[in-house]
Structures are given as structure tokens and as C-alpha cells.
Amino acid sequence: MSLSATLILLACAVGLTLFFGWRGAQPPDLVRGPRMLPYRFLMVLAAAIALFAVVHLLNLAGFETGRR
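A brief report on the enclosed structure follows. Everything numeric here is computed off the predicted structure, so don't read it as measured data.

1. Digging into the overall build of the chain
When its secondary structure is counted, the chain shows two helices and zero strands. In summary, the chain has a C-alpha radius of gyration of 16 Å against a globular reference of 11 Å for 68 residues, an excess of more than 25%. For the chain, the C-alpha atoms occupy an extent of roughly 55 × 25 × 15 Å along the three principal directions. By residue count, 16% of the 68 residues in the chain fall in the buried class. Of the contacts made within the chain by residues no fewer than 6 positions apart, 60% connect residues no fewer than 24 positions apart. Carbon and sulfur atoms make up 72% of the accessible area of the chain, which totals about 5,500 Å².

2. Some thoughts on the environment of Gln26
If you trace the backbone, Gln26 turns up in the loop between helix H1 (3-24) and helix H2 (39-60). A polar contact is formed between the side chain of Gln26 and the backbone oxygen of Trp22, at a distance of 3.4 Å.

3. Remarks on the layout of surface pockets
Of the voids in this model, the largest pocket is the one considered here, and its volume is about 230 Å³. Lining the largest pocket, in full, are Arg23, Gln26, Pro27, Asp29, Arg32, Gly33, Pro34, Arg35, Met36, Leu37 and Tyr39. Class assignment of the residues belonging to the lining of the largest pocket gives a composition of five nonpolar, two polar and four charged.

4. Remarks on the packing of aromatic side chains
Tallying each qualifying case throughout the model produces three aromatic pairs. For the ring pair Phe19 and Trp22, a centre distance of 6.0 Å and an interplane angle of 45° mean the geometry is tilted. With a gap of three residues between them, Phe19 and Trp22 both fall in helix H1, about one helical turn apart. Since its relative accessible area comes to 39%, Phe19 is described here as partly exposed. Seen in terms of ring centroids, Phe20 and Tyr39 are 6.1 Å apart; in terms of plane orientation they differ by 40°. Their pairing is tilted. In this pair, Phe20 is assigned in helix H1 and Tyr39 in helix H2, connecting sequence segments 19 residues apart. The rings of Phe19, Phe20, Trp22 and Tyr39 are connected pair by pair, giving a single aromatic cluster.

Quick notes on the rules
Numbering of residues starts from 1 in every chain and runs along the sequence as written. The predicted origin of the model limits local features to residues at a pLDDT of at least 70 and limits the giving and counting of side-chain atom pairs to 80 or more, whereas totals for whole chains, interfaces and linings rest on all residues. As a convention, hydrogens and water are excluded, and side-chain values are obtained from all of the structure's heavy atoms. Secondary structure elements follow DSSP: runs of H or I no shorter than four residues count as helices, runs of E no shorter than two count as strands, and numbering proceeds from the N terminus. Within these notes, the globule rule equals 2.2 Å times the number of residues to the 0.38 power, and the radius of gyration is based on C-alpha atoms. Remark: exposure states derive from per-residue accessible area (1.4 Å probe, protein chains only) relative to the maximum for the residue type, with buried under 20%, exposed over 50%, and partly exposed in between. For this analysis, residues touch if any pair of their heavy atoms sits within 4.5 Å. Only the protein chains shown count as cover for residues, with accessible areas throughout obtained via the Shrake-Rupley method and a probe of 1.4 Å. Nitrogen and oxygen atoms within 3.5 Å of one another constitute a polar contact, given that in protein one can donate a hydrogen and the other can accept it, and given that sequence-neighbouring residues count only through two side-chain atoms. Site definitions follow a grid-based scheme: protein atoms alone, a 1 Å grid, a 1.4 Å probe that fits but cannot get out for cavities, and for pockets an open set with protein on both sides within 12 Å along at least five of seven lines, plus lining residues having an atom within 4 Å of a point. Grid points are joined across faces, edges and corners, and a volume is the space filled by probe spheres set on the points. Each residue is assigned to one class: nonpolar for Ala, Val, Leu, Ile, Met, Phe, Trp, Tyr, Cys and Pro, charged for Asp, Glu, Lys and Arg, and polar for all the others, Gly among them. Only centres within 6.5 Å qualify two rings of Phe, Tyr or Trp (six-membered ring in Trp) as a pair; their planes then separate them into stacked at under 30 degrees, edge-to-face at over 60, and tilted for everything else.

Keep in mind that these numbers describe shape and distance, not what the molecule does.
Pasting the structure below:
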């Protein structure tokens, strides 16, 4: 994957992490019913994708992050 694609993926993942974190912190509205999306799980999933993108950026920069 190229550098530009990795940076776009990282920006989207960080944005989604922040959005899902904000939505998950909202108090529940009992009039509208239960939430249909698990925002906290989606936040953790997006953060994991952002972490993988950062590791990939480090590999593209020349750092070796795996076992030798």
C-alpha cells in the first residue's frame, strides 16, 4: 500500500475513532429506543485500524517492527 493511501486510511480511522467515541459517550435516549450500533466496539475497531496504519507508516519509513 502506498504512502498516500496509508495516510488517508489513518486520517479516516482517527476521524471514525473520534466520532464513535463521541457518539458512545452520549447519554441514552429512552424515548427513541435502544441504540442499534455498538459505538464503543466500533471505536475500538477503528482505533486498532489506526494503530495498524501507524505501524505500516513506520515500516514504510524504514523501521523494522517485526521479528528478525
